[in-house]
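If you want the building blocks of each chain, they are given just below.
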Amino acid sequence: MKKMDYGLLISVILLSIFGLIMIYSASYIWASYKYNNAYKFIINQGIFFVIGLFLMLFISKIDYKFLEKKSNLLFFSSLILLVLVLIPGVGTVRNGSRSWFGIGSFGVQPSEFMKLSFIIFTSKYLKNNEKNIKSFKKGLLPILFLILVVFFLIMLQPDFGTGTIIVMSIMGLLFVGGANFSFFVRIGIVGIIGVIGLIIAAPYRLARILSFLDPWKDPLGSGFQIIQSLYAIGPGGLLGFGLGNSRQKHFYLPEPQTDFIFSIISEELGFLGVIIVSILFLTIIIKGFKISKKSNDLFSKYLAFGITFQFAFQTVLNLMVVVGLIPVTGVTLPFLSYGGSSLLITLCSMGIILNISRHQR
(Lines give C-alpha, C1' and ligand atoms only; values in the text may rest on other atoms or scores of the structure.)
Protein backbone atom coordinates (compact mmCIF):
# COMPACT_ATOMS: atom_id res chain seq x y z
CA MET A 1 0.00 0.00 0.00
CA LYS A 2 1.29 3.47 -0.87
CA LYS A 3 0.47 6.98 0.35
CA MET A 4 -2.63 8.68 -1.00
CA ASP A 5 -2.43 11.06 -3.96
CA TYR A 6 -1.54 14.32 -2.19
CA GLY A 7 -1.82 16.32 -5.42
CA LEU A 8 -5.50 15.38 -5.60
CA LEU A 9 -6.01 16.06 -1.89
CA ILE A 10 -4.44 19.54 -2.10
CA SER A 11 -6.45 20.43 -5.22
CA VAL A 12 -9.71 19.41 -3.51
CA ILE A 13 -8.95 21.42 -0.35
CA LEU A 14 -7.84 24.50 -2.33
CA LEU A 15 -10.97 24.41 -4.49
CA SER A 16 -13.21 23.96 -1.42
CA ILE A 17 -11.62 26.88 0.45
CA PHE A 18 -11.82 29.04 -2.67
CA GLY A 19 -15.49 28.06 -2.89
CA LEU A 20 -16.10 29.26 0.68
CA ILE A 21 -14.48 32.62 -0.10
CA MET A 22 -16.53 33.06 -3.27
CA ILE A 23 -19.80 31.98 -1.57
CA TYR A 24 -19.32 34.72 1.01
CA SER A 25 -18.39 37.27 -1.64
CA ALA A 26 -21.38 36.32 -3.83
CA SER A 27 -23.97 35.99 -1.05
CA TYR A 28 -23.41 38.61 1.65
CA ILE A 29 -25.63 41.23 -0.05
CA TRP A 30 -28.53 38.79 -0.49
CA ALA A 31 -27.99 37.25 2.98
CA SER A 32 -28.03 40.68 4.66
CA TYR A 33 -31.27 41.59 2.87
CA LYS A 34 -33.14 38.30 3.34
CA TYR A 35 -31.83 37.06 6.71
CA ASN A 36 -30.28 40.21 8.23
CA ASN A 37 -27.07 38.18 8.56
CA ALA A 38 -24.30 38.64 5.97
CA TYR A 39 -22.62 35.41 7.14
CA LYS A 40 -25.72 33.18 6.83
CA PHE A 41 -24.57 31.19 3.75
CA ILE A 42 -20.87 31.04 4.57
CA ILE A 43 -21.57 29.69 8.09
CA ASN A 44 -23.89 26.95 6.76
CA GLN A 45 -21.44 25.98 4.02
CA GLY A 46 -18.51 26.12 6.43
CA ILE A 47 -20.19 23.61 8.76
CA PHE A 48 -20.73 21.18 5.88
CA PHE A 49 -17.13 21.73 4.73
CA VAL A 50 -15.70 20.80 8.14
CA ILE A 51 -17.91 17.70 8.37
CA GLY A 52 -17.14 16.79 4.73
CA LEU A 53 -13.40 17.23 5.21
CA PHE A 54 -13.45 14.93 8.23
CA LEU A 55 -15.49 12.33 6.31
CA MET A 56 -13.19 12.57 3.27
CA LEU A 57 -10.10 11.87 5.38
CA PHE A 58 -11.90 9.09 7.27
CA ILE A 59 -13.13 7.42 4.05
CA SER A 60 -9.65 7.71 2.52
CA LYS A 61 -8.30 5.45 5.29
CA ILE A 62 -10.86 2.62 5.26
CA ASP A 63 -10.78 -0.16 2.67
CA TYR A 64 -12.94 0.75 -0.35
CA LYS A 65 -14.00 -2.92 -0.56
CA PHE A 66 -16.26 -2.17 2.41
CA LEU A 67 -18.34 -0.09 -0.02
CA GLU A 68 -18.58 -3.07 -2.36
CA LYS A 69 -20.04 -5.19 0.45
CA LYS A 70 -22.54 -2.49 1.44
CA SER A 71 -23.41 -1.29 -2.09
CA ASN A 72 -26.94 -2.78 -2.08
CA LEU A 73 -27.73 -1.26 1.32
CA LEU A 74 -26.44 2.16 0.24
CA PHE A 75 -28.40 2.15 -3.02
CA PHE A 76 -31.76 0.97 -1.64
CA SER A 77 -31.47 3.30 1.38
CA SER A 78 -31.00 6.20 -1.05
CA LEU A 79 -34.00 4.94 -3.04
CA ILE A 80 -36.18 4.95 0.09
CA LEU A 81 -35.07 8.53 0.85
CA LEU A 82 -36.09 9.57 -2.69
CA VAL A 83 -39.58 8.20 -1.98
CA LEU A 84 -39.82 9.77 1.51
CA VAL A 85 -38.87 13.25 0.28
CA LEU A 86 -41.95 13.28 -1.98
CA ILE A 87 -44.33 12.91 0.99
CA PRO A 88 -45.87 16.28 2.01
CA GLY A 89 -44.83 17.14 5.53
CA VAL A 90 -41.69 15.02 5.25
CA GLY A 91 -40.06 16.64 2.21
CA THR A 92 -39.65 20.42 1.99
CA VAL A 93 -40.44 22.50 -1.09
CA ARG A 94 -37.73 24.95 -2.16
CA ASN A 95 -37.74 26.90 -5.42
CA GLY A 96 -40.67 24.84 -6.65
CA SER A 97 -39.05 21.41 -6.04
CA ARG A 98 -39.82 18.94 -3.25
CA SER A 99 -36.17 17.85 -3.08
CA TRP A 100 -35.19 18.50 0.53
CA PHE A 101 -35.40 17.26 4.08
CA GLY A 102 -35.48 20.36 6.27
CA ILE A 103 -33.37 20.18 9.42
CA GLY A 104 -33.60 23.54 11.18
CA SER A 105 -32.06 26.13 8.87
CA PHE A 106 -30.25 23.36 6.97
CA GLY A 107 -31.51 21.30 4.05
CA VAL A 108 -30.42 17.81 3.00
CA GLN A 109 -30.99 16.66 -0.58
CA PRO A 110 -31.40 12.85 -0.90
CA SER A 111 -30.76 12.94 -4.66
CA GLU A 112 -27.13 13.85 -3.85
CA PHE A 113 -26.77 10.59 -1.89
CA MET A 114 -28.26 8.70 -4.84
CA LYS A 115 -25.65 10.20 -7.19
CA LEU A 116 -22.86 8.45 -5.27
CA SER A 117 -24.65 5.28 -4.12
CA PHE A 118 -25.83 4.46 -7.68
CA ILE A 119 -22.22 4.63 -8.93
CA ILE A 120 -21.08 2.30 -6.13
CA PHE A 121 -23.94 -0.11 -6.89
CA THR A 122 -23.32 -0.08 -10.66
CA SER A 123 -19.56 -0.59 -10.20
CA LYS A 124 -20.22 -3.77 -8.24
CA TYR A 125 -22.88 -4.84 -10.76
CA LEU A 126 -20.48 -4.43 -13.70
CA LYS A 127 -17.77 -6.38 -11.88
CA ASN A 128 -20.14 -9.29 -11.14
CA ASN A 129 -21.78 -9.29 -14.61
CA GLU A 130 -18.72 -8.77 -16.79
CA LYS A 131 -19.63 -11.71 -19.06
CA ASN A 132 -23.29 -10.69 -19.47
CA ILE A 133 -22.90 -6.97 -20.09
CA LYS A 134 -23.16 -7.34 -23.90
CA SER A 135 -26.51 -9.08 -23.48
CA PHE A 136 -29.46 -6.69 -23.25
CA LYS A 137 -31.73 -9.04 -21.27
CA LYS A 138 -29.18 -10.57 -18.88
CA GLY A 139 -26.79 -7.63 -18.43
CA LEU A 140 -28.35 -4.29 -19.32
CA LEU A 141 -32.08 -4.62 -18.65
CA PRO A 142 -31.84 -4.88 -14.81
CA ILE A 143 -29.66 -1.78 -14.50
CA LEU A 144 -31.74 0.07 -17.11
CA PHE A 145 -34.87 -0.61 -15.05
CA LEU A 146 -33.21 0.90 -11.96
CA ILE A 147 -32.11 3.96 -13.98
CA LEU A 148 -35.72 4.55 -15.04
CA VAL A 149 -37.03 4.14 -11.46
CA VAL A 150 -34.47 6.59 -10.05
CA PHE A 151 -35.01 9.12 -12.86
CA PHE A 152 -38.81 8.88 -12.43
CA LEU A 153 -38.57 9.55 -8.67
CA ILE A 154 -36.26 12.52 -9.18
CA MET A 155 -38.50 13.96 -11.90
CA LEU A 156 -41.45 13.84 -9.48
CA GLN A 157 -39.62 16.44 -7.34
CA PRO A 158 -38.92 17.74 -10.14
CA ASP A 159 -35.14 18.02 -10.63
CA PHE A 160 -34.23 17.48 -14.28
CA GLY A 161 -30.59 18.56 -13.84
CA THR A 162 -29.75 16.00 -11.13
CA GLY A 163 -31.70 13.31 -12.99
CA THR A 164 -29.66 13.98 -16.13
CA ILE A 165 -26.35 13.78 -14.21
CA ILE A 166 -27.29 10.42 -12.67
CA VAL A 167 -28.44 8.93 -16.00
CA MET A 168 -25.35 10.12 -17.90
CA SER A 169 -23.01 8.90 -15.13
CA ILE A 170 -24.44 5.37 -15.23
CA MET A 171 -24.43 5.40 -19.06
CA GLY A 172 -20.74 6.34 -18.94
CA LEU A 173 -20.08 3.37 -16.64
CA LEU A 174 -22.01 1.01 -18.91
CA PHE A 175 -19.99 2.27 -21.87
CA VAL A 176 -16.60 1.54 -20.26
CA GLY A 177 -18.08 -1.70 -18.92
CA GLY A 178 -18.34 -2.99 -22.48
CA ALA A 179 -22.00 -2.52 -23.47
CA ASN A 180 -22.66 -2.62 -27.22
CA PHE A 181 -22.62 0.76 -28.95
CA SER A 182 -26.00 0.02 -30.60
CA PHE A 183 -27.53 0.06 -27.10
CA PHE A 184 -26.50 3.71 -26.63
CA VAL A 185 -27.88 4.69 -30.04
CA ARG A 186 -31.27 3.23 -29.11
CA ILE A 187 -31.17 4.77 -25.65
CA GLY A 188 -30.28 8.13 -27.23
CA ILE A 189 -33.36 7.97 -29.48
CA VAL A 190 -35.58 7.03 -26.52
CA GLY A 191 -33.99 9.85 -24.50
CA ILE A 192 -34.79 12.46 -27.17
CA ILE A 193 -38.42 11.29 -27.31
CA GLY A 194 -38.54 11.39 -23.50
CA VAL A 195 -37.18 14.95 -23.35
CA ILE A 196 -39.83 16.05 -25.86
CA GLY A 197 -42.46 14.41 -23.64
CA LEU A 198 -41.12 16.20 -20.54
CA ILE A 199 -41.26 19.53 -22.38
CA ILE A 200 -44.88 18.92 -23.39
CA ALA A 201 -45.73 17.89 -19.80
CA ALA A 202 -44.21 21.06 -18.29
CA PRO A 203 -44.34 24.18 -20.51
CA TYR A 204 -41.77 26.04 -18.35
CA ARG A 205 -39.09 23.74 -19.81
CA LEU A 206 -40.02 24.92 -23.32
CA ALA A 207 -39.73 28.52 -22.07
CA ARG A 208 -36.20 27.74 -20.84
CA ILE A 209 -35.22 26.31 -24.23
CA LEU A 210 -36.67 29.28 -26.12
CA SER A 211 -34.92 31.71 -23.76
CA PHE A 212 -31.68 29.82 -24.34
CA LEU A 213 -32.03 30.28 -28.13
CA ASP A 214 -32.79 34.01 -27.76
CA PRO A 215 -32.78 35.25 -24.14
CA TRP A 216 -33.45 38.84 -25.25
CA LYS A 217 -36.96 37.89 -26.45
CA ASP A 218 -38.00 37.76 -22.78
CA PRO A 219 -35.28 39.70 -20.92
CA LEU A 220 -37.32 40.15 -17.71
CA GLY A 221 -38.73 36.60 -17.67
CA SER A 222 -37.28 33.31 -18.90
CA GLY A 223 -34.16 34.97 -20.36
CA PHE A 224 -33.33 37.02 -17.24
CA GLN A 225 -30.83 34.65 -15.57
CA ILE A 226 -28.67 34.00 -18.61
CA ILE A 227 -28.59 37.70 -19.61
CA GLN A 228 -27.48 38.73 -16.11
CA SER A 229 -24.90 35.92 -16.13
CA LEU A 230 -23.42 37.19 -19.40
CA TYR A 231 -23.44 40.76 -18.04
CA ALA A 232 -21.29 39.46 -15.16
CA ILE A 233 -18.86 37.46 -17.33
CA GLY A 234 -18.43 40.03 -20.11
CA PRO A 235 -16.87 42.99 -18.23
CA GLY A 236 -14.51 40.85 -16.11
CA GLY A 237 -11.54 41.29 -18.44
CA LEU A 238 -8.14 39.96 -17.44
CA LEU A 239 -8.16 40.64 -13.70
CA GLY A 240 -11.85 41.42 -12.98
CA PHE A 241 -13.27 44.13 -10.71
CA GLY A 242 -11.56 42.68 -7.64
CA LEU A 243 -12.72 40.27 -4.94
CA GLY A 244 -16.01 41.47 -3.44
CA ASN A 245 -16.66 44.08 -6.14
CA SER A 246 -19.23 42.30 -8.29
CA ARG A 247 -22.09 44.45 -9.56
CA GLN A 248 -24.43 41.62 -10.57
CA LYS A 249 -24.75 40.25 -7.04
CA HIS A 250 -26.58 43.45 -6.08
CA PHE A 251 -29.99 41.87 -6.81
CA TYR A 252 -29.43 41.49 -10.56
CA LEU A 253 -28.31 37.84 -10.78
CA PRO A 254 -30.78 35.77 -8.68
CA GLU A 255 -29.10 33.90 -5.79
CA PRO A 256 -25.60 34.25 -7.27
CA GLN A 257 -24.06 31.92 -4.65
CA THR A 258 -25.66 28.83 -6.23
CA ASP A 259 -25.85 27.83 -9.93
CA PHE A 260 -24.25 31.00 -11.32
CA ILE A 261 -21.33 31.45 -8.93
CA PHE A 262 -18.89 31.02 -11.83
CA SER A 263 -20.30 34.25 -13.30
CA ILE A 264 -19.35 36.09 -10.09
CA ILE A 265 -15.86 34.51 -10.15
CA SER A 266 -15.40 35.74 -13.73
CA GLU A 267 -16.69 39.23 -12.87
CA GLU A 268 -14.57 39.69 -9.72
CA LEU A 269 -11.37 37.81 -10.63
CA GLY A 270 -11.48 37.98 -14.43
CA PHE A 271 -9.80 35.62 -16.86
CA LEU A 272 -7.02 34.91 -14.36
CA GLY A 273 -9.51 33.62 -11.79
CA VAL A 274 -11.21 31.48 -14.43
CA ILE A 275 -7.85 29.94 -15.43
CA ILE A 276 -6.92 29.13 -11.81
CA VAL A 277 -10.29 27.48 -11.16
CA SER A 278 -10.09 25.56 -14.46
CA ILE A 279 -6.60 24.24 -13.62
CA LEU A 280 -7.83 22.94 -10.23
CA PHE A 281 -10.85 21.25 -11.86
CA LEU A 282 -8.69 19.70 -14.59
CA THR A 283 -6.16 18.46 -12.01
CA ILE A 284 -8.90 16.63 -10.08
CA ILE A 285 -10.42 15.15 -13.27
CA ILE A 286 -7.09 14.00 -14.78
CA LYS A 287 -5.89 12.50 -11.50
CA GLY A 288 -9.23 10.73 -11.01
CA PHE A 289 -9.06 9.08 -14.43
CA LYS A 290 -5.39 8.13 -13.88
CA ILE A 291 -6.25 6.49 -10.55
CA SER A 292 -9.05 4.58 -12.31
CA LYS A 293 -6.65 3.39 -15.02
CA LYS A 294 -4.07 2.16 -12.47
CA SER A 295 -6.63 0.41 -10.22
CA ASN A 296 -5.92 -3.17 -9.20
CA ASP A 297 -9.43 -4.64 -9.53
CA LEU A 298 -12.54 -4.05 -11.63
CA PHE A 299 -14.69 -2.65 -8.81
CA SER A 300 -12.22 0.12 -7.91
CA LYS A 301 -11.56 0.81 -11.61
CA TYR A 302 -15.26 1.34 -12.32
CA LEU A 303 -15.81 3.22 -9.06
CA ALA A 304 -13.00 5.75 -9.62
CA PHE A 305 -14.06 6.22 -13.25
CA GLY A 306 -17.75 6.69 -12.36
CA ILE A 307 -17.05 9.28 -9.65
CA THR A 308 -14.62 11.21 -11.85
CA PHE A 309 -16.89 11.08 -14.91
CA GLN A 310 -19.84 12.34 -12.87
CA PHE A 311 -17.73 15.14 -11.40
CA ALA A 312 -16.47 16.15 -14.86
CA PHE A 313 -19.94 15.97 -16.45
CA GLN A 314 -21.56 18.08 -13.73
CA THR A 315 -18.77 20.67 -13.93
CA VAL A 316 -19.03 20.99 -17.72
CA LEU A 317 -22.85 21.08 -17.55
CA ASN A 318 -22.82 24.00 -15.09
CA LEU A 319 -20.22 25.96 -17.08
CA MET A 320 -22.17 25.47 -20.32
CA VAL A 321 -25.30 26.89 -18.65
CA VAL A 322 -23.41 29.88 -17.22
CA VAL A 323 -21.99 30.91 -20.61
CA GLY A 324 -25.28 30.27 -22.44
CA LEU A 325 -24.39 27.14 -24.42
CA ILE A 326 -27.32 25.10 -23.07
CA PRO A 327 -30.63 25.95 -21.30
CA VAL A 328 -30.68 26.56 -17.54
CA THR A 329 -30.72 23.19 -15.72
CA GLY A 330 -30.30 24.13 -12.05
CA VAL A 331 -27.05 22.14 -11.71
CA THR A 332 -24.52 23.33 -9.12
CA LEU A 333 -20.78 23.73 -9.70
CA PRO A 334 -18.92 21.15 -7.53
CA PHE A 335 -17.03 22.63 -4.53
CA LEU A 336 -17.91 26.22 -5.51
CA SER A 337 -21.72 26.54 -5.50
CA TYR A 338 -23.59 26.91 -2.23
CA GLY A 339 -25.17 23.63 -1.16
CA GLY A 340 -24.27 21.56 1.87
CA SER A 341 -25.46 18.17 0.57
CA SER A 342 -23.58 18.62 -2.70
CA LEU A 343 -20.34 19.63 -0.94
CA LEU A 344 -20.63 16.79 1.58
CA ILE A 345 -21.16 14.07 -1.04
CA THR A 346 -18.50 15.49 -3.38
CA LEU A 347 -15.92 15.44 -0.56
CA CYS A 348 -16.94 11.88 0.35
CA SER A 349 -16.55 10.92 -3.33
CA MET A 350 -13.04 12.37 -3.38
CA GLY A 351 -12.30 10.42 -0.19
CA ILE A 352 -13.17 7.21 -2.07
CA ILE A 353 -10.82 8.08 -4.93
CA LEU A 354 -8.05 8.94 -2.44
CA ASN A 355 -8.69 5.59 -0.76
CA ILE A 356 -8.36 3.74 -4.08
CA SER A 357 -5.09 5.58 -4.77
CA ARG A 358 -3.69 4.34 -1.43
CA HIS A 359 -4.39 0.70 -2.34
CA GLN A 360 -2.65 0.78 -5.71
CA ARG A 361 0.61 -1.07 -6.06
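The residue count restarts for each chain, going from 1 along the sequence in the order it is written. With the structure being a predicted model, the display of local features is reserved for residues of pLDDT at least 70 and the display and counting of side-chain atom pairs for 80 or more, all residues being used for whole-chain, interface and lining totals. Based on all heavy atoms of the structure, the side-chain values leave hydrogens and waters out of the count.

(A) Just helix α2 (residues 40-59), in detail. For α2, spanning 20 residues, the distance from its first C-alpha to its last is 29 Å, which sits close to the expected 28 Å at 1.5 Å a residue. Burial status follows relative accessibility: with a 1.4 Å probe on protein chains alone, a residue under 20% of its type maximum counts as buried, one over 50% as exposed, and anything between as partly exposed. Strands are runs of DSSP state E lasting at least two residues, helices are runs of H or I lasting at least four, and both sets are numbered from the N terminus onward. Along α2, the residues that are buried comprise K40, F41, I42, N44, Q45, G46, F48, F49, G52, M56 and I59. Here the expected length of a helix is defined as 1.5 Å per residue gap, with one fewer gap than residues.

(B) Summary view of the nonpolar core. Core analysis: the largest hydrophobic core is formed by 89 residues, its most contacted members being F118, L174 and M350. It only takes one pair of heavy atoms within 4.5 Å for two residues to be counted as in contact. In contact with L174, not counting residues within four places along its chain, are L126, I133, L140, I143, I147, A179, F183 and F184. What is meant by a nonpolar core is a set of buried Ala, Val, Leu, Ile, Met, Phe, Trp, Tyr and Cys residues, joined one to another through side-chain atoms within 4.5 Å.

(C) Summary view of the pattern of salt bridges. When a carboxyl oxygen of Asp or Glu is within 4 Å of a side-chain nitrogen of Lys or Arg, the pair counts as a salt bridge. According to the stated counting rule, one finds four salt bridges in the structure shown. Here K115 ties to E112 by a salt bridge, and the two come within 3.1 Å at their closest N and O atoms. Here E112 and K115 lie together in helix α5 (residues 110-128), a separation of three residues that amounts to about one turn. Residue K115 is classed as buried on the basis of its relative accessible area of 5%. Under the relative-accessibility criterion, E112 is labelled buried at 4%. E268 is the partner of K249 in a salt bridge, and the nearest nitrogen-oxygen pair spans 3.0 Å. Placement of the pair is K249 in the loop between α10 (224-233) and α11 (261-293) and E268 in helix α11, with a sequence separation of 19 residues. E268 matches K249 in its accessibility class, with the two residues each being buried.

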